[in-house]
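Summary of the model geometry
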Amino acid sequence: VAKGAGNRTLTDDDPRLVALPLDLDDPASIAGAARAIGEAVGAPDALVHNAGVAAVGCVEEMPASVSAQIFSTNFFGPVRLTQELLPVMRAAGRGRMVVVSSEGGVRGMPAISAYSAAKGALERWAEALSPEVAPFGIGVTVLVAGTFKTDILELTPTYADPDGPYARHHAGLDRIGRWVQRLGRPPERFAPAVE
């Protein structure tokens, strides 16, 4: 949370930058973070939904509980946080929601179907939210920023059998991972895209 930043750049050691714990899978944590945001800044000028988790595995390989976890973090968490913060943003008559999506949200991608579905759901939700909140001075932006070198691939659990019936899809994902590491942009270039 940034307090009174205006158009000035914030650094990690800036006293106007307040770190808050938030677990998007825990409704109590979401409510607590929303209260803390209200105490720190009142109505936020912007809310950026950038959390994301994934898992690799074709539909037949993926445990339903893993798909549910991906939806919890990538879709239901942002929905709950928005519901918590909308009343103060609406009362202030201003604000912007930025929903960070992915190419996987634009089109379904093999071996990451739950991630694609959750990001696609988040995009459709944001499109529906936009006309609902526009009369209150709140804007909604869906940002498909492109490829950045982040650690999401290294942190992504795999439920894929490389020798199983879906091996060709997994080989394709390995190629994509190498391509991202070689050609993806550094994460530091992401903030200007959001700004």
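Our structure is the block above this text.
First, a word on what this report is: a plain description of the structure on this page. (Residues numbered from 1 in each chain as written. Predicted model: local features only at pLDDT ≥ 70, side-chain atom pairs only at ≥ 80, totals over all residues. Heavy atoms only, no water.)

Turning our attention to the packing of aromatic side chains. This structure, assessed with the given rule, holds two aromatic pairs. Plain terms: the ring middles of F71 and F75 are 6.4 Å apart, the flat faces sit at 65° to each other, and that makes the pair edge-to-face. Residue F71 and its partner F75 are located together in helix α2 (residues 64–92), separated by four residues, close to a single helical turn. On the basis of relative accessibility, which here comes to 14%, the residue F75 falls in the buried class. Where F75 meets F76, the ring centres are 4.9 Å apart and the plane angle is 75°; that geometry is what we call edge-to-face. Look at F76 and you get partly exposed, because its relative accessible area is 40%. (Phe/Tyr/Trp six-rings, centres within 6.5 Å; stacked < 30°, edge-to-face > 60°. Helix = DSSP H or I, 4+ residues; strand = E, 2+ residues; numbered from the N terminus. Buried < 20%, exposed > 50% of the residue type's maximum accessible area, 1.4 Å probe, protein only.)

On the secondary structure map, H49 appears in strand β1 (residues 46–49). In this structure the side chain of H49 is engaged in a polar contact, spanning 2.8 Å, whose partner is the side chain of T82. Contact partners of H49, with chain neighbours within four places excluded, come to P78, L81, T82, M97, V98, V99, V100 and W125. (Polar contact = N/O pair within 3.5 Å; in protein donor to acceptor, adjacent residues only side chain to side chain. Contact = heavy atoms within 4.5 Å.)

By size, the foremost hydrophobic cluster in this structure holds 20 residues, and its most contacted members are L85, M97 and W125. Excluding anything up to four places from it in sequence, L85 contacts A34, I37, P44 and L47. In terms of nonpolar packing, the next biggest core, distinct from the first, is built from eight residues, V56, C58, A111 and A160 among them. (Core = buried A, V, L, I, M, F, W, Y, C linked by side-chain atoms within 4.5 Å.)

What follows is about the side chain of E123. Relative to the helices and strands, E123 resides in helix α4 (residues 113–133). Taking the relative accessible area as the measure of exposure, E123 reaches 6% and is therefore buried. Within the structure, the side chain of E123 is placed 2.9 Å from the side chain of R124, a separation counted as a polar contact. Each residue touching E123, except ones within four places of it in the same chain, is listed here: S101, S102, G105, V106, V142 and V144.

Below, the discussion takes up the pattern of salt bridges. Tallying each qualifying case throughout the model produces four salt bridges. Residues R94 and D45 are paired through a salt bridge, measuring 2.6 Å at the closest nitrogen-oxygen approach. On the criterion of sequence distance, the pair formed by R94 in the loop between α2 and β2 (95–100) and D45 in the loop between α1 (27–41) and β1 is long-range, its members being 49 residues apart. On the basis of relative accessibility, which here comes to 35%, the residue R94 falls in the partly exposed class. What makes D45 exposed here is its relative accessible area of 56%. Among the salt bridges present, the one from E123 reaches R124, with a minimum N-O distance of 2.9 Å. Residue R124 is classed as partly exposed on the basis of its relative accessible area of 42%. Here the salt bridges share partners, and the residues they tie into one network are E123, R124 and E127. (Salt bridge = Lys/Arg side-chain N within 4 Å of Asp/Glu carboxyl O.)

Within β2, five of the six residues are buried, which leaves the element mostly enclosed by the surrounding structure. Two strands pair when backbone bridges link them, and β1 and β2 are joined in this way by four bridges, in the parallel orientation. The residue bridging A46 from the neighbouring strand is R96, located in β2. Each parallel crossover has a hand, and for β1 linked through α2 to β2 it is right-handed. As paired elements, β2 and strand β3 (residues 138–143) share six bridges and run parallel to each other. Of the residues in β3, the one forming a bridge with V100 is L143. (Pairing = 2+ DSSP bridges. Right-handed = clockwise from strand over helix to strand, strands pointing away.)

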